[in-house]
Amino acid sequence: MKTAQNRRVFIIDVAMFGLMLAIAFYVFNRTGYSGLKTVVAIGIGIGVLVYMLRNLVSVVPVAKSEAQHDRIAKLVLIDEEGESIKEWYIEGETSLLIGKTTSRSEADIDLAHTDYASLISAEHAVLNRVDSDWFVEDVDSGNGTGLRPAKESVTKKLESGEPHRIYSGDLLYIANTRLLVK
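Being a predicted model, the structure only gives us computed values, none of them experimental.

K.L.:
Sorry, what's going on with the UniProt feature "transmembrane region" (unreviewed entry) in the chain here?
P.N.:
When the UniProt feature table is mapped onto this chain, "transmembrane region" (unreviewed entry) is found at residues 9–28 and 34–53. The distance from the first to the last C-alpha atom of residues 9–28 is 28 Å, and the span holds 100% helix and 0% strand. The distance separating the terminal C-alpha atoms of residues 34–53 is 29 Å; by composition the span is 100% helix and 0% strand.

K.L.:
Looking at this structure, how should I read unusual backbone geometry?
P.N.:
The general pattern is negative phi for most residues beyond glycine and trans for most peptide bonds. Its identity is not glycine, yet aspartate 131 carries a phi of approximately 55°, on the positive side. With respect to the element layout, aspartate 131 can be found in the loop between β5 (123–130) and β6 (133–138). Phi is positive for alanine 175, close to 55°, though the residue is something other than glycine. Relative to the elements of secondary structure, alanine 175 occurs in the loop between β10 (171–174) and β11 (177–181).

K.L.:
Is there a simple way to explain the sheet that holds β10 in this structure?
P.N.:
Neighbouring strands of a sheet are bound in pairs by backbone hydrogen bonds; such pairs are parallel or else antiparallel. Strand order across the open sheet formed by six strands is β2-β1-β11-β10-β7-β8, with antiparallel pairing between neighbours. Edge positions in the sheet fall to β2 (84–89) and β8 (156–157), since each has one partner strand and no second. Pairing of β10 with β11 involves four bridges; the strand directions are antiparallel. Looking at β11, one finds that isoleucine 174 is bridged to threonine 177.

K.L.:
Before we go on, may I ask you to explain the environment of tyrosine 173 in this structure?
P.N.:
With respect to the helices and strands, the residue tyrosine 173 is situated in strand β10. Put simply, tyrosine 173 and glycine 146 are 27 residues apart on the chain and 4.6 Å apart in space, counted from C-alpha to C-alpha. Once you skip the residues sitting within four places of it in the chain, tyrosine 173 turns out to touch Gly144, Thr145, Gly146, Arg148, Thr155 and Arg178. Within the structure, tyrosine 173 has its side chain in polar contact with the side chain of arginine 148 (distance 3.3 Å).

K.L.:
Help me out: how do you make sense of the nonpolar core in this one?
P.N.:
Judged by nonpolar contacts, the single largest core of 22 residues is most densely connected at Leu75, Leu111, Leu127, Ile166, Leu172 and Leu179. Elements with a minimum of two residues in this core: β1 (74–78), β3 (95–99), β5, β6, β10 and β11.

K.L.:
Sorry, what's going on with the side chain of aspartate 138 here?
P.N.:
The residue aspartate 138 is located in strand β6 in this model. Here aspartate 138 sits buried without a salt bridge, and the closest side chain of opposite charge, lysine 157, lies 7.5 Å off (N-O distance). From its side chain, aspartate 138 meets the backbone nitrogen of aspartate 140 in a polar contact 3.0 Å long. There is a polar contact of 2.6 Å between the side chain of aspartate 138 and the side chain of serine 141. In this structure aspartate 138 touches His124, Ala125, Gly144, Thr145, Leu158, Glu159, Ser160 and Gly161, once residues within four positions along its chain are discounted.

K.L.:
Is there a simple way to explain the pattern of salt bridges in this structure?
P.N.:
Opposite charge on two side chains permits pairing when their charged atoms draw close. Per the stated rule, a full pass over the model turns up three salt bridges. Of the charged contacts in the structure, one is a salt bridge between lysine 74 and glutamate 87, with a shortest N-O distance of 3.2 Å. Remark: glutamate 87 occurs in strand β2 and lysine 74 occurs in strand β1; sequence separation between them is 13 residues. In this structure lysine 74 comes out as buried when scored by relative accessible area, which is 16%. Between arginine 165 and aspartate 133 there is a salt bridge whose closest N-O contact spans 2.5 Å. Placement of the pair is arginine 165 in strand β9 (residues 164–166) and aspartate 133 in strand β6, with a sequence separation of 32 residues.

Parameters at a glance
Residues numbered from 1 in each chain as written. Predicted model: local features only at pLDDT ≥ 70, side-chain atom pairs only at ≥ 80, totals over all residues. Heavy atoms only, no water. UniProt positions renumbered as here; feature names shortened; annotations may be inferred. Helix = DSSP H or I, 4+ residues; strand = E, 2+ residues; numbered from the N terminus. Pairing = 2+ DSSP bridges. Contact = heavy atoms within 4.5 Å. Polar contact = N/O pair within 3.5 Å; in protein donor to acceptor, adjacent residues only side chain to side chain. Core = buried A, V, L, I, M, F, W, Y, C linked by side-chain atoms within 4.5 Å. Buried < 20%, exposed > 50% of the residue type's maximum accessible area, 1.4 Å probe, protein only. Lys, Arg positive; Asp, Glu negative; His and termini not counted. Salt bridge = Lys/Arg side-chain N within 4 Å of Asp/Glu carboxyl O.

So, in structure tokens, the structure goes:
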């Protein structure tokens, strides 16, 4: 979609540039009209300046930390001190069930052997990828799913069935079990 949008913007830019050239050619090839020539020259100068500034803003590189902020490769089970206990690589996956593996269902992110396993539902939450974005959704779990965005100190409880976008650095709370999104 961005390619088609970029193509349309390019076509509009070329058309605007052509129109400015046509106006300039017409005005500057006419004798007299010195006031009009000044106004057209100023207008073209402002148009070129705006065009350059707009394109400069669109090509400013994104800081490395921001670019990596969107890329999610794994979930990390962490303990109370924030130390890593276990990791699940999710890159390339499209949908993952978080919960506990039982005789009836198999969880992709199996938390059956964690400290708070008794509070975790067999089908507790799901992670879904749409393009390069990841979303978490509580699936009517008994003890809820929480989300604490990376740069915030407040954890919000997710409503069942409502997807929420997640980013690298966010913390997922599956009952009292913490998963760091990386």
